[in-house]
Amino acid sequence: MPRLRLAVFKFASCDGCQLSLLDCEDELLAITDAVEIAHFAEASSTLAPGPYDLVLVEGSITTAQDAERIQEIRKQAGLLVTIGACATAGGIQALRNFADAAEYTRAVYPHPDYISTLATSTPIAAHVKVDAELRGCPISKESLLEFIAATLAGRAPVLPARPVCIECKSRGTVCVLVQGTPCLGPVTHAGCGALCPSYRRGCYGCFGPSETPNTAALAARFTALGQTPREIVHAFRNFNAGAAAFKRESEANEHKTD
Amino acid sequence: MSTRRIEVDLLTRVEGEGALDIEIENGGLKTAHLRIFEPPRFFEALLRGRDYAEIPDITARICGICPIAYQMGAVQAVERAFGADIPAAMRDLRRLLYCGEWIESHALHVVMLHAPDFCGLPDGIALAREQPGIVRAGLALKKTGNALMRVIGGREIHPVNLRPGGVFRLPTRAELAALAPALEEGRETAIRLFRWAAALPFPEVERDYEFVALRHGGEYPITAGRLASSRGLDIDIGDFETEFEERQVTHSTALHALRRNGGAYLTGPLARYALNSNLLPETAKTLAEEAGLGPVCRNPYKSILVRCLEMLFACEEALRLIAAYTPPAEAFQPLTPRAATGFGCTEAPRGICWHRYDFAGDGSVLAARIVAPTTQNQPAIEEDLVALVGGMLAAPDDAIRAAAEAAIRNHDPCISCATHFLRLSVRRA
């Protein structure tokens, strides 16, 4: 039986999510027994042409060339899966969507005319059909392994969209929110294992919104804890600023006065 | 006049994506441009208006391979701006965390990205078929570095535990002690990898670099020090901008850092080693002597050996810090924001990573400037290309292409950090 052909493509991103594949130190060589890594520029100089059975896409679309490139990649892809917050929601670079992108360019580059970039950073799903999303900034390697294993077995991957709170409860972490620390856990997609509360800090939402998140109720709770509207905007406006539920909540708080 | 053009769409086995242009005119090499067209993500712009406490989580996202470098420089800059005095025990804990980043990043580069070049192989997976013991040992060492990152930082990629003023949660002595056996094994692995790599076929070249690295009293530099160079520079990190400048070139979305006099310089393992090799542990010095490496190494291909020595050092340093660890009295100290400018500079695996932030009185960011190691190494990498590839222009395109990519990989460029996209085209006129 031919091995599953895997490809990894990168857009605007930090490389961290694709690094998760190389961070599977114990599993990497076993994966390559079951999967042909046909195109993975960070790992191999062998860049085989498509079509590919499974394409992992990291990063967001921020240039006109990349908007064209993702169309070509889609044509070569059986399953196309976004890995991480950039590909799934636009990433931290989507903060430009709330600002003046031309001014951003002027702020960083002495010759902004050399730089060609779109005014927005958009998720892959805004451009092509996406078959599945792996959440996180970065993704967890456990979810990546689960996805690859499920694909090989022909079953649906188990990636629950419940909130981080459930993971806190199951590991027995004392709730930081009831202790007065603002925490996005109640509205954030599980998958990290409730990492931040276990390090005595509030969740900062790097896995993006959970299913049916009540962000307004959480924002009201933050207000009761003494947070200003500006702080609430910042809480919802970071690595998943472009995710619909977080975007809506940050905008709802933006015009309230501190 | 004949024209010959070679193109490689994507430089492989580097972090991030870029291209390379080589222009040949009348049989001679005219220019070699490392072309980075990674889409810019504008970190310095989007940091403006954010609170000082948010900076390390945001700057981590500059690079998934060396997030600690971007977090550590940021927390140092905040602490310096607000006049915080970080106790030695906290400084040691942070140094221990950083050892983890050196180990995971160097192990990845040595085994999976760099070594295949010396063996004529496309990747570490192919190398694993020929040298399973070496690749497995290298991956195990990488895992040990990641374990340090996970225990102290919370996770390997974009750790969550660093904060201005300290950390969120102090690890217990038992948590750290549990890492010691893997680090003991890691030390042996680093020695084994060094000896294996020392037997690789290295091109006989020497380059006349100006090395720039931190130098910090009696310790091999990681998290602190003055900025020094092999040509006599010795400055406080706050004076970086008077000695170095960034220029924008048309062929790259990453800025190019140069000395103010216009000269290229090199930062990273070769530079750290050249300025600090006497501070390595005896085991590393003995190994270097065994391989005839000398106290300064100007052969960029042999950076693989220096990375192995630095992994050995990082394992020993981590063991020393774990054995001496007594949790600091407090996880963090409260900071009092003030209108001020702060600087931070640390030794990322790829070289110095420099930060400057201007703060308003409420602690929000007015302006940010971050100079990544690869930004600084780009001009030196281009000079390497001229020197290393310039002598082989009669060779077939494929040979030139392979040699050029290998010359770039010597410096483990992280194009994601510097911004990104490497395309190799050779134009012959």
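Residues numbered from 1 in each chain as written. Chains lettered and ligands numbered in written order. Predicted model: local features only at pLDDT ≥ 70, side-chain atom pairs only at ≥ 80, totals over all residues. Heavy atoms only, no water.

The name an unreviewed UniProt entry gives chain B is Coenzyme F420-reducing hydrogenase alpha subunit, with Acidocella aromatica as the organism.

Per an unreviewed UniProt entry, chain A is named Coenzyme F420-reducing hydrogenase gamma subunit, and its organism is Acidocella aromatica. Comment text from UniProt for chain A, heading Cofactor (unreviewed entry), reads "[3Fe-4S] cluster". (UniProt positions renumbered as here; feature names shortened; annotations may be inferred.)

### Some words on the sheet that holds strand E2 (residues 35–40) of chain A
All names here are of chain A. As summarised here, the arrangement of the five strands in space is E2-E1-E3-E4-E5, forming an open sheet in which the pairing is parallel. Looking along the sheet, the strands with just one partner apiece sit at the ends: E2 and strand E5 (132–134). Recorded for the sheet is a direction-independent mean angle of 25° between the axes of neighbouring strands. Here helix H3 (residues 64–76) sits on the sheet and contacts strand E1 (4–10), strand E3 (52–58) and strand E4 (77–83); the angle it forms with E4, its principal contact strand, is near 130°. Sheet strands touched by helix H6 (residues 141–153): E1, E2, E3, E4 and E5. Its angle to E5, the strand with the most contacts, is close to 150°. (Pairing = 2+ DSSP bridges. Helix = DSSP H or I, 4+ residues; strand = E, 2+ residues; numbered from the N terminus. Axes fitted to C-alpha atoms, helices over the stretch in contact; angles between N-to-C directions. Contact = heavy atoms within 4.5 Å.)

### Comments concerning unusual backbone geometry
Of note, the amide linkage connecting glycine 50 of chain A to proline 51 of chain A takes the cis form, showing an omega dihedral of 0°. Along the chain, proline 51 of chain A turns up in the loop between E2 and E3. With an omega of 5°, the peptide bond running from cysteine 137 of chain A to proline 138 of chain A counts as cis. Structurally, the position occupied by proline 138 of chain A is in the loop between E5 and H6. Positive phi, normally seen in glycine, also occurs at histidine 158 of chain B, with a value near 55°.

### Quick notes on the domain arrangement of chain A
Residues and elements named next belong to chain A. Considered domain by domain, chain A is made up of domain 1 (4–153) and domain 2 (164–254). Taken together, the contact pairs 11 residues of domain 1 with 16 residues of domain 2. With both chains or domains summed, domain 1 and domain 2 bury close to 1,100 Å², and 64% of this area falls on carbon and sulfur atoms. For the interface between domain 1 and domain 2, the tally reads zero salt bridges. Along the lines of polarity and charge, the residues of the side of domain 1 that touches domain 2 split into seven nonpolar, three polar and one charged. (Domains from an automatic or database assignment. Buried area = accessible area lost by both parts, 1.4 Å probe. Salt bridge = Lys/Arg side-chain N within 4 Å of Asp/Glu carboxyl O. Nonpolar A, V, L, I, M, F, W, Y, C, P; charged D, E, K, R; others polar.)

### A look at the environment of isoleucine 125 of chain B
Residue placement: isoleucine 125 of chain B occurs in helix H5 (residues 124–130). With 14 residues separating them along the chain, isoleucine 125 of chain B and valine 111 of chain B place their C-alpha atoms 9.6 Å apart. Apart from the residues within four sequence positions on either side, isoleucine 125 of chain B is in contact with Thr32 and Ile37 of chain A together with Met112 of chain B.

### Considering the packing of helix H9 (residues 215–224) of chain A against helix H11 (residues 244–254) of chain A
Angle between the axes and distance between the axes: these two values describe a pair of packed helices. Residue and element names in this part refer to chain A. Interhelical geometry of H9 versus H11 gives an angle of 45° and a closest axis separation of 10 Å. In this view, H9 runs oblique relative to H11, as classed from their interaxial angle. Helix-helix and strand crossings are classified by hand; for H9 and H11 the assignment is right-handed. On the side of H9, the interface is formed by Thr215, Ala216 and Ala219, while H11 contributes Ala245, Phe246, Glu249 and Asn253. (Parallel < 35°, antiparallel > 145°, perpendicular 65-115°, else oblique. Left-handed = near helix turned anticlockwise from the far one by under 90°.)

### Examining the packing of aromatic side chains
In the structure shown here, the tally under the stated rule is 16 aromatic pairs over all chains. Pairing phenylalanine 240 of chain B with tryptophan 354 of chain B gives two aromatic rings, centres 4.6 Å apart and planes at 20°, and the pair type is stacked. Residue phenylalanine 240 of chain B is found in helix H9 (residues 240–243), and its partner tryptophan 354 of chain B is found in strand E12 (residues 351–359); the two are separated by 114 residues along the sequence. Neither phenylalanine 240 of chain B nor tryptophan 354 of chain B differs from the other in exposure class; each is buried. One aromatic cluster is present, formed by Phe240, Phe244, Tyr265, Phe343 and Trp354 of chain B through successive ring pairs. A cation sits over an aromatic face here: arginine 237 of chain A above phenylalanine 98 of chain A, 3.8 Å from the ring centre. Residue placement shows arginine 169 of chain B over the ring face of tyrosine 199 of chain A; its charged tip is 4.6 Å from the ring centre. (Phe/Tyr/Trp six-rings, centres within 6.5 Å; stacked < 30°, edge-to-face > 60°. Buried < 20%, exposed > 50% of the residue type's maximum accessible area, 1.4 Å probe, protein only. Lys NZ or Arg CZ within 6 Å of the ring centre and 35° of its normal.)

### Observations regarding the sheet that holds strand E8 (residues 234–235) of chain B
All names here are of chain B. The sheet built from three strands is open, its strands ordered E6-E7-E8 with antiparallel pairing. Taken across any chain shown, the strands that pair with only one partner, and hence form the sheet edges, are strand E6 (212–215) and E8. As defined by bridge partners, strand E7 (residues 226–229) adjoins E8 across two bridges and the pair is classed as antiparallel. Within E8, the position partnered with leucine 227 by the bridge is isoleucine 235. Contacting E6 and E7, helix H10 (residues 269–276) crosses the sheet at an angle of about 50° to E6.

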